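These are the residues of each chain, in order.
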Amino acid sequence: MRNTLPLLLPPVSSLPILSENFNRFSLFHSSPSATYVLRATSRRFSSTTKAQSILNVAVDQEITGSLKQQLAKLFEASLRATVPDELDVEPLIAACNPRFGDYQCNNAMSLWTKIKGKGTEFTGPQPIGRAIMNNIPASEIIESCTIAGPGFVNVVLSKQWIAKSIQKMLIDGIETWAPKLPIKRAVVDFSSPNIAKEMHVGHLRSTIIGDTLARMLEFSNVEVLRRNHVGDWGTQFGMLIEYLFEMFPNWEVTSDQAIEDLEAFYKASKQRFDYDPIFKERAQRAVVSLQGGEEKYRKAWAQICEISRRGYERVYHRLGVQLEEKGESFYNPYIPRAIEALSNAGLVEESEGARVIFIEGKNIPLIVVKRDGGYNYASTDLAALQYRLKEEKAEWIIYVTDVGQREHFEMVFTAARRVGWLPTDDNLYPKASHVGFGLVLGEDGRRFRTRSTEVVKLVDLLDEAKTRCKAALIERGKADEWTEEELEKTAEAVGYGAVKYADLKNNRLTNYTFNFDQMLNDKGNTAVYLLYAHARICSIIRKSGKDIEELKKTGKIELAHPDERVLGLHLLQFAEIVEEACTNLLPNVLCEYLYNLSEYFTKFYSNCQVVGSAEETSRLLLCEATAVVMRNCFNLLGIVPVYRI
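Structural notes, computed from the coordinates. (Residues numbered from 1 in each chain as written. Predicted model: local features only at pLDDT ≥ 70, side-chain atom pairs only at ≥ 80, totals over all residues. Heavy atoms only, no water.)

Two quantities define a packed helix pair, namely the angle between the helix axes and the distance between the axes. Contact pair helix 10 (residues 277–291) / helix 11 (residues 295–319): the axes reach a minimum separation of 7 Å and the direction vectors enclose 95°. Between helix 10 and helix 11, the angle falls in the class roughly perpendicular. Of helix 11, the residues touching helix 10 (which contributes Ala 286, Ser 289, Leu 290 and Gln 291) are Tyr 297, Arg 298 and Trp 301. Considered class by class, the residues forming the contact of helix 10 with helix 11 number four nonpolar, two polar and one charged. (Axes fitted to C-alpha atoms, helices over the stretch in contact; angles between N-to-C directions. Helix = DSSP H or I, 4+ residues; strand = E, 2+ residues; numbered from the N terminus. Parallel < 35°, antiparallel > 145°, perpendicular 65-115°, else oblique. Contact = heavy atoms within 4.5 Å. Nonpolar A, V, L, I, M, F, W, Y, C, P; charged D, E, K, R; others polar.)

This is the structure we're talking about:
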């Protein structure tokens, strides 16, 4: 008998609704460091006791954000009371060795260096640390504090507060754990294939890394403009259009079939361009006609672009990626404005017939107008950067490309700072960041290619992952238990998820080896293992026979066992992990957290009986909280969770 329960359909309350803010924000410079500002009081207090009582009220009313941010607010209140004249000191909070506590405040040593010799009452870093500890406002968050070494304040969190915070999340939703970032709008520029060329495995990293960064920012209540900066303009279109006209006189009705194989069409036109001088001349005239706006050429250009888009959409649909296309052609009209601003600032110089910007420390200049008067990538990127700052009011612009383009973007950003579009301090907003990534390698250690040395088409690679996953499910007998639709959906979720996770779990700056057998393994740090772990948690809850939604309202979480507390604390650290991954633009940080979460759950489940125990209600709620956080991690990584396996 076939099981008709959908494998991928989540419980009604399991997935978050991500809020988006679509207001336009004015351009401004602000500090990127997360500052934890308490309500301003009307006057300064010299008495520690008075300051503490006022700050206590403010802290109780204002604490929000990640666990680390909440602790930082408490310690900021303490620092203000301890050293009221040092207003620029920000709390230094970090997780610490579990033997000593959960978190640590590390301000004492740097404070001592700053205030010694100023007539301070303190005699060293340890007395400062002790004062910081004694001045922490009363809070249900903290169970105890101790001093270690030269004034480190070790903090043990209250397990009752941890339990209460998890239970509140289950009722109010995972979005209440979203970190607070210092920006409201960002542009993420990623994927960016070239028109008339197939997307290949090299586009995989940009597409999924960019999508994950966008998802994490969106979860953090940042409005993200997802931009696909496609290569849809330039001299190559002359040869493409002329070849289309030559090979297919009735191109308006046959072009879909003509360039169904985009890669073959491009190579054939390029070969004609390189070896046929007459064709090359016609192609160059075609560029002039296209850029001059002649209808026939514009129409052919639009047709080629549209056929290419349909090819890209096959990949984006499989990956579940959404993008808004604003390609090179979109920014072309804005290039003269950008060049004029750079010239007026005295940055553009003549050099060997071209117009360039010399960048200190670089061996070659940034060419902004070529010798023939044409524009190039630098021209377009500068115009796009100005547009995104001036028109779209972006506070953070993130470019996701391979590491080989790092120097190019460094030069573009330097020019933008010199002209005043970006602040000279890299730590201030608005800012631009290049997110570089390494190569995808084959098992031979070289660029990943087919046996015929062709670059692997991305759509073929994804379909292969799905096919292999489906075969594994059939081998496990799932074809006899599930409908064909369930089998297909699960194979897609696990197959595509495996490809994504195998990439994202690595530090993006490193090369990684593409290996189907490893990424589809159901053991170790793989998407398959994690998806199965999530499905097992869902199975535990189902087999209990309890209504988990009702338990959320009537039950209570208790963290009596050490493994329960470890799991609970890790769950509560989700927000700061997302914050860290966003701030450093490193998706692998979230992957590491997710894998560790599954390991902590396994240990908890091994040592703490759930169904049928006296603590069943509490432990079922802890199972549900783990599943909710895992699902949200999957969502941020662009992976579809499975609920049965």
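A few words now on the sheet that holds strand 1 (residues 93–95). If you trace the four strands from one edge of the open sheet to the other, you get 1-2-4-3, paired in antiparallel fashion. For this open sheet the edge positions go to strand 1 and strand 3 (142–148), each flanked by a neighbour on one side alone. Each neighbouring strand pair of the sheet contributes to a mean axis angle of 30°, computed without reference to strand direction. Judged from the three bridges that link them, strand 2 (residues 103–105) and strand 4 (residues 152–157) form a sheet pairing that is antiparallel. Bridged to Gln 104 within strand 4 is Asn 154. Most of the contacts of helix 4 (residues 125–134) go to strand 3, to which it runs at about 170°, and overall it touches strand 2, strand 3 and strand 4. (Pairing = 2+ DSSP bridges.)

A separate point is the pairing of strand 4. Alignment of strand 3 against strand 4, held across six bridges, turns out to be antiparallel. The residue bridging Cys 145 from the neighbouring strand is Val 155, located in strand 4. A loop of three residues connects strand 3 with strand 4, the two strands running antiparallel in sequence, and Gly 149 in this loop sits at a positive phi of about 55°.

Core analysis: the largest hydrophobic core is formed by 163 residues, its most contacted members being Leu 71, Leu 217, Leu 461, Phe 574 and Val 629. Among the elements that line this core, the one with the most residues is helix 24 (residues 616–636), at twelve residues. Beyond its immediate sequence surroundings of up to four residues, Leu 461 is in contact with Val 201, Phe 448, Val 456, Val 499, Phe 514 and Phe 516. Core analysis: the next-biggest nonpolar cluster, separate from the first, contains 31 residues, Val 187, Ile 335, Ala 415 and Ala 432 among them. (Core = buried A, V, L, I, M, F, W, Y, C linked by side-chain atoms within 4.5 Å. Buried < 20%, exposed > 50% of the residue type's maximum accessible area, 1.4 Å probe, protein only.)

Right, let's talk about the packing of aromatic side chains for a bit. For any pair of aromatic rings, the description rests on two quantities: the centre-to-centre distance and the angle between the ring planes. For the structure shown, the criterion picks out 19 aromatic pairs. Ring plane angle 85° and centroid distance 6.5 Å describe the contact between Tyr 243 and Phe 279, whose orientation is recorded as edge-to-face. Of the two residues, Tyr 243 is situated in helix 7 (residues 236–247) and Phe 279 in helix 10; the sequence distance between them amounts to 36 residues. A residue is classified by how much of its surface remains accessible, and Phe 279, at 0% relative accessible area, is buried. Pairing Phe 330 with Tyr 331 gives two aromatic rings, centres 5.0 Å apart and planes at 85°, and the pair type is edge-to-face. The class of Tyr 331 is buried, set by a relative accessible area of 0%. An aromatic cluster of three or more residues is present, and its members are Phe 330, Tyr 331, Tyr 334 and Tyr 387. We note Lys 326 situated over the ring of Phe 330; from NZ or CZ to the ring centre the distance is 5.0 Å. (Phe/Tyr/Trp six-rings, centres within 6.5 Å; stacked < 30°, edge-to-face > 60°. Lys NZ or Arg CZ within 6 Å of the ring centre and 35° of its normal.)

None of this, on its own, says anything about what the molecule does.
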